[in-house]
Structures are given as structure tokens and as C-alpha cells.
Amino acid sequence: MTTARDIMTPGAECVGERDTLVDAARRMRDLDVGALPICGEDGRLKGVVTDRDIVVKALAEGQDPTTVEAGTFGQGKPVTIGADDDVREALRTMEEHQVRRLPVIDGHDLVGMLSQADVARRLSATETGETVAGISE
């Protein structure tokens, strides 16, 4: 059985819930990623902020990215996958929630991120295609 841990990108870095969107954008640039997990002061995952969130939900609405906190995008329970869950469960979760990236947790600890790119690099073309189609519906 292939697990989420087997194909994820390890060592995901968080943006703090009180960090601004400018801080988040700079960290995305520096890490060359399009999404960052949002972690609370307690170290727990609060959600995910994407580059698209910053542009469409903040800038396009006239919000000031120097004052809006990343935690604003961490509403509700984050969609995650367990590190030792079967990768097919991760794919179903991505499709069900129509997300391209999933934080991977071990207990309450963030251990990595699983993205469409990870899926494409490690799984068959058929599995990759089905996942992309399911997410894009």
C-alpha cells in the first residue's frame, strides 16, 4: 500500500495565523509554492492560504494585504489527510473537496503537503488523470 507519506513533499512550512498576507505571499515566493498551511500560535493547523486566495479574495476585494492576517483564510476545519492513509484515500479527499493540495498530518503534527504534482510524479498516468479530472469538475 502506498501512503500519503510515501508521495508527499515533506517539511511543509506554515505561515502564522497572525502573519499578514504580504508575509504569506513573500514566503510563497521564497519557497516557490502556491499554498501554505496556516498554523496557530498553538502549532496546530488552522487552514491553508493560496496565492489565488490572496489575489481573488483579498486584493480584488480591496483589502489591504499589509494588514489582513493569513488566519482570515483558516475558517472551519481544514481538509487534511493522515500521513499513513492510503494514497487512494488522499485522491478521493482531493476530488471530494476539489482541492489541489492537502496538508498531511501525523496526529496533530503537520509533516508535509500532498499536491497534484506529487501525484503526477509518483502515480500512474491513469490515476493522475482521474484525480485531475475529479478535482477540476
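That block above? That's the structure.
In this text, all values refer to a predicted model and were calculated from it rather than measured experimentally.

Parameters and conventions
Residues numbered from 1 in each chain as written. Predicted model: local features only at pLDDT ≥ 70, side-chain atom pairs only at ≥ 80, totals over all residues. Heavy atoms only, no water. 1 Å grid on protein atoms, 1.4 Å probe; cavity = no way out; pocket = protein on both sides within 12 Å on 5 of 7 lines; lining within 4 Å. Points joined across faces, edges and corners; volume = space filled by probe spheres on them. Helix = DSSP H or I, 4+ residues; strand = E, 2+ residues; numbered from the N terminus. Nonpolar A, V, L, I, M, F, W, Y, C, P; charged D, E, K, R; others polar. Pairing = 2+ DSSP bridges. Contact = heavy atoms within 4.5 Å. Axes fitted to C-alpha atoms, helices over the stretch in contact; angles between N-to-C directions. Salt bridge = Lys/Arg side-chain N within 4 Å of Asp/Glu carboxyl O. Buried < 20%, exposed > 50% of the residue type's maximum accessible area, 1.4 Å probe, protein only.

**Notes on the layout of surface pockets**
Then step 1. Computed from the structure, the largest pocket encloses a volume of approximately 560 Å³.
Then step 2. Along its surface, the largest pocket is lined by 17 residues, and V48, T50, D53, V99 and R101 are the ones closest to its centre.
Then step 3. Listed by contribution, the elements that provide at least two residues to the lining of the largest pocket are β4 (45-50), α3 (51-58) and β6 (101-106).
Then step 4. The biggest single contributor to the lining of the largest pocket is α3, with four residues.
Then step 5. Among the residues making up the lining of the largest pocket, the classes are represented as six nonpolar, four polar and seven charged.
Then step 6. T9, V33, G34, A35 and M113 are the residues nearest the centre of the second largest pocket, which is lined by 18 residues in total.
Then step 7. For the lining of the second largest pocket, the secondary-structure elements that each account for two or more residues are β1 (9-10), β3 (35-39), β7 (109-115) and α5 (116-122).
Then step 8. Of the residues assigned to the lining of the second largest pocket, the class counts are 10 nonpolar, four polar and four charged.

**Side note on the sheet that holds β4**
Then step 1. Reading across from one edge, β2-β3-β4 is the order of the three strands in this open sheet, with mixed pairing throughout. The sheet is open, and its two edges are formed by β2 (15-16) and β4, each paired on a single side.
Then step 2. Bridge count between β3 and β4: five bridges; the pairing is antiparallel. Bridge pairing in β4 places I38 opposite G47.
Then step 3. Packed on one face of the sheet, helix α2 (residues 21-31) meets β2, β3 and β4 and runs near 130 degrees to β3.

**Let's talk about the pattern of salt bridges**
Then step 1. On inspection of all chains with the given rule, the structure shows 10 salt bridges.
Then step 2. For D106, the salt bridge identified is with R5, shortest N-O distance 3.1 Å. Here the residue D106 occupies a position in strand β6, and R5 occupies one in helix α1 (residues 4-7), the gap between them amounting to 101 residues.
Then step 3. The class of R5 is partly exposed, set by a relative accessible area of 33%.
Then step 4. A salt bridge links E89 to R92, with the nearest nitrogen and oxygen atoms 3.0 Å apart.

**Quick notes on the pairing of β7**
Then step 1. Direction of pairing for β1 relative to β7: antiparallel, over a ladder of two bridges. Its bridge partner lying in β7, P10 is registered against G112.
Then step 2. As defined by bridge partners, β6 adjoins β7 across six bridges and the pair is classed as antiparallel. Each residue of the ladder has a partner; that of P103, found in β7, is M113.
Then step 3. Linkage of β6 to β7, two consecutive antiparallel strands, is achieved through a turn of two residues, within which G107 is found at a positive phi near 70 degrees.

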